[in-house]
Each structure stands twice: as C-alpha cells, then as structure tokens.
Amino acid sequence: MLFEQKSKKNKARTGIINTLHGGIITPAFFPDATYGAIKSLSFSEAHNAGVREIVTTTLHLEMTVGSEFIGNFGGLHKFLNWNRPILTDSGGFQIFSLIHRKMQKLGRITDAGVTFEDPRTGKFKILTPEISQIIQHNLGSDIRVVLDEPALRTTSIKYLKEANRRTVEWAKRSKEIFLKLNGLTESDFDNPRVKRPLLCAVIQGGNVENLRKENAKALIDIGFDIYGFGGGLPMKDEKSWKNELPKGLDPEMLAFLADLIPQDKIRYGLGMGTPDDLRSSIECGWDIFDTVLPTRNARHGYLYVNAGDGDAHFNNYSVMHIKKEIYKKDIYPINKDSRIKDLREISRAYLRYLFKIGENEALRLATMNNLEFYSQLMEKAGHHH
RNA sequence: GCAAGGAUGGCAGAGUGGUCAAAUGCACCAGACUGUAAAUCUGGCGUCGCGAGACUUCGGGGGUUCGAAUCCCUCUCCUUGCA
C-alpha cells in the first residue's frame, strides 16, 4: 500500500488499497451491511450513491445464513452479488455490545474466547479468534478483522490492561490461523506480490494514551496490513473520550495513534463517525471508516446536507430532520446538486410525506442521500478524481 | 312509538364515588442515534406558568354528596331489538 500525503498543512493522505476485488481509493467510507444488506437499499442503488465497498459482520452472517453455506455457495461476493471489496468485522464488538447494553450476563470473556447468548435463539454460542477467522475465510472477504476486546472508557486501568493483553494474544492467534487458512508463511505475508486477503488488527486501550501506545506497538510488532482504532464511542453513556470534550471522538488521541502506525499501513477508524469526526480523522491520517450513522439516521429521517442547508448545524455540515413540520410545504428538492435524479427532483415536502405515511420509498431516498453525502465527503477530503 | 345499550381529550378506547387533567394505542410535536438485537428509542401532547402551582374539562342542563367522568332526574343525539 502506498500512501501519499496530500498537503503539508495536515496529514491527510490519499492512496489505493489493492484487494482481491479491486482497488479502494482512500480515504474511503464503507457503509455497514451488517447482515449482508444495506438496509432499505439494493447494492446497485448503493453503488449509484457512490458506495464502492461495504462492511458485513461475521457473527450476524454466521447466526443467520451460516458461513459454511456461503462458502459452498461460492463465497460472500457471489451470494450478495457484490463484486467489489468486502470487509468483514470480527464479531467482537457485537458481543461486547450485547454484554454492555444489558446488565444481564449475556456474555462472558475468557482468554479462550467469548461465550454469549444468541439474541435470536437464546442459545449459547462461542466465538474465538480462530472461529472468527474461519468464518471470515468461509465468507471469502477481502479485508478481515481479528477478534479483539473493546473496553469502555470508564473501565479500570487494571481491566484495560487485561483486555489489552487479550487483544494482543488474540491478534497473534488470529494471524496464525489466517496464515494457515490461506496456506501462507510469514514471509509470504510480507511479500507484496503474494495476493491474499488483508488482515486488520484493532488497537484498544480506552482513553489512556500509554495503554493505546503499548497496544499499538505490540500489534505492530506482530505485523498486520491494517490497524484499526477500536472502542469507538457507541458504548452508550460514553459520549466522549474525554470528559471535558462535549461529544464525539478525541482528535488528539486519533492524531497520536495515527503517528504510531507506519506510513505504509492502512489506518481504519472502526465505527466512525459523524462528518465532523471523519474530517478531523482524515486530517490526521486515517484512511478508511465505517459507521451505521448514515444508514440508520436516514431511516430515522435524519438527512445529511451541505453546511448551511437544513435545520441543525455542525462544523462542516448540516442536518435536515425531514419529519419536522417546517418541511411540510417545502417545495425545494432533497438535494439539487445530487448525482441521483430522484434526489435532485423530489421535493422535501414529498419526502417528509413519504416518511409520515410510512412508505419504504422514504427510507430508500433518505439512505441514498446520506450514502451519497458520505461518499462525497470522502471525495472532497481526498480530492479524488 | 316501546325496549335495551351508548355518548370520555384530534381519533380509537379504558375508567363506574375520592389515589383522574383522566390508562393504553394511533395521530401530532420535539430530540437522540458513531466496528446495527435499531424502518428504533426517549420526551411532550387541556389552558396559563421557567417553576411550585393555578384554572377549565369526560354530550347539554339540573340534583345527591365533604367529594362525581363515575349515582339520580331531565333534554339532545346515536346504535340495536320489538311494534
């Protein structure tokens, strides 16, 4: 992977990540198609909205269709009929959120792995670093993530250290089985001429700089293609990494970590972020991102629009809460500058109306709008094309 | 014309003497959402007030009672049986 710094002012950079299903131009945003579908949109519609790569989740696919079936089918790309890059998340975060969202013991973490209750069936399941890699191998994804242990910002130092140790051990085990599954040696892994899926490790350590640093170094020593910023902030009640910050991610921590990761490696912000979060992350050198924000918010009538447009304003963007009364008679188009005909021509009043009557079309239009917004955000940040 | 059952907040629909400004659902208004158990969740929703609180409400009118959406009388209207 070769990355080129865009300007001297900040550390933003552009580059191309080569995968088995084509190149990814960075910075890049991967929408979440957790269950193998971008909610309320077909893949061709998503592609029209600028989507070039997606994220799916190991665990969800395993618990629903099953990776063995998908493997026999001919792989996830064939199953989804999506021939562009797919990143599969390890499943660690999903279990983490199961454990932390409810006070009940829905899951248990040991050095071996995680046992958890399947929310759909109530049955207990086990996920280990090895199982996660095997599932991802069956799926045949282009970018694979190692199982890690995310931790809450408020977790004690003692526990953070333990979680970090496990994260490193699991990363090591993940790489071992990854090599084995792909019939590779360590030197194959480091040889750029060997075509193979990419492997991503996730840096943890809460909001403690030293622990983040320690964790990053240990993972870099093992050697991966991609280093992720893990732990995000979707951990409910954990709105900010620093108490004094109003909300959002900690730009200083992101800058600090980006500098620790070698130039030729890819930096992945997992579960990030708002358009403002993304902008500041790109500026300090992060390359790829995913979050449910644009798709979920779209379904809730929360549309991203250019700064100054809309009814709520942030640093570099604005938002239309399209269900608001003020749009009832708004004849203005959803986005006059859109590359998508419907978004250019359909009025805000009609979109609001579609939401009010509960039409699927509302979700479709809103999701296209938000995905197009995110994809253009990446283009602007990277000066693509 | 006789008999029976009804009339509750924008709608549907609980409540049958005090804890009722009145459950619940819908609608409406506002907010949240960051590696998706999310087309979800939270809050508001008689009037005035930032607030404690005050005031006016359960078809109309009258009455019983310390106290009524709830009991009695009467009027209006609706539904259903019998003529």
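The structure presented is a predicted model; accordingly, all values stated were derived computationally and were not measured.

Participant: How should I be thinking about the pattern of salt bridges in this particular structure?
Facilitator: Once their charged atoms are close, side chains differing in charge can pair, the charge on each being opposite to the other. Across all of its chains, the model carries 17 salt bridges by this definition. Of the charged contacts in the structure, one is a salt bridge between Glu-186 and Lys-175, with a shortest N-O distance of 3.2 Å. Of this pair, Glu-186 sits in helix 8 (residues 186-190) while Lys-175 sits in helix 7 (residues 157-181), and the two are eleven residues apart along the sequence. Overall, Glu-186 belongs to the partly exposed group, its relative accessible area being 41%. For Arg-339, the salt bridge identified is with Glu-379, shortest N-O distance 3.1 Å. Residue Arg-339 is located in the loop between strand 17 (317-321) and helix 13 (341-345), and its partner Glu-379 is located in helix 15 (residues 360-382); the two are separated by 40 residues in the primary sequence. Looking at Arg-339, the relative accessible area reads 55%, which means it is exposed. Using a relative accessible area of 19% as the deciding quantity, one classes Glu-379 as buried. One network of salt bridges, in which partners are shared, links Asp-111, Glu-149, Glu-162, Arg-165, Arg-166 and Glu-169.

Participant: What exactly am I supposed to notice about the domain arrangement of chain A here?
Facilitator: Put simply, an interface is often sized by how much accessible area is lost when its parts join up. Split into domains, chain A comes out as domain 1 (2-291) and domain 2 (299-375). Computed over C-alpha atoms, the centres of domain 1 and domain 2 are 30 Å apart. Listed by partner, the interface residues are 18 residues for domain 1 and 16 residues for domain 2. Approximately 1400 Å² of surface area, both sides summed, lies buried where domain 1 meets domain 2, with 65% of it carried by carbon and sulfur atoms. Considering only the side of domain 1, the residues that lose the most area to domain 2 are Ala-49, Pro-275 and Asp-276, jointly responsible for 36% of the buried surface there. Taken together, the links from domain 1 to domain 2 amount to one salt bridge. Between Arg-364 and Glu-45 there is a salt bridge whose closest N-O contact spans 2.5 Å. Our count for the domain 1 to domain 2 interface comes out at five residue pairs in polar contact (both at pLDDT 80 or more). Top element by residues in the side of domain 1 that touches domain 2 is helix 11 (residues 275-283). It accounts for four residues. In terms of residue class, the side of domain 1 that touches domain 2 is made up of eight nonpolar, six polar and four charged.

Cut-off values and rules
- Residues numbered from 1 in each chain as written.
- Chains lettered and ligands numbered in written order.
- Predicted model: local features only at pLDDT ≥ 70, side-chain atom pairs only at ≥ 80, totals over all residues.
- Heavy atoms only, no water.
- Salt bridge = Lys/Arg side-chain N within 4 Å of Asp/Glu carboxyl O.
- Helix = DSSP H or I, 4+ residues; strand = E, 2+ residues; numbered from the N terminus.
- Buried < 20%, exposed > 50% of the residue type's maximum accessible area, 1.4 Å probe, protein only.
- Domains from an automatic or database assignment.
- Contact = heavy atoms within 4.5 Å.
- Buried area = accessible area lost by both parts, 1.4 Å probe.
- Polar contact = N/O pair within 3.5 Å; in protein donor to acceptor, adjacent residues only side chain to side chain.
- Nonpolar A, V, L, I, M, F, W, Y, C, P; charged D, E, K, R; others polar.

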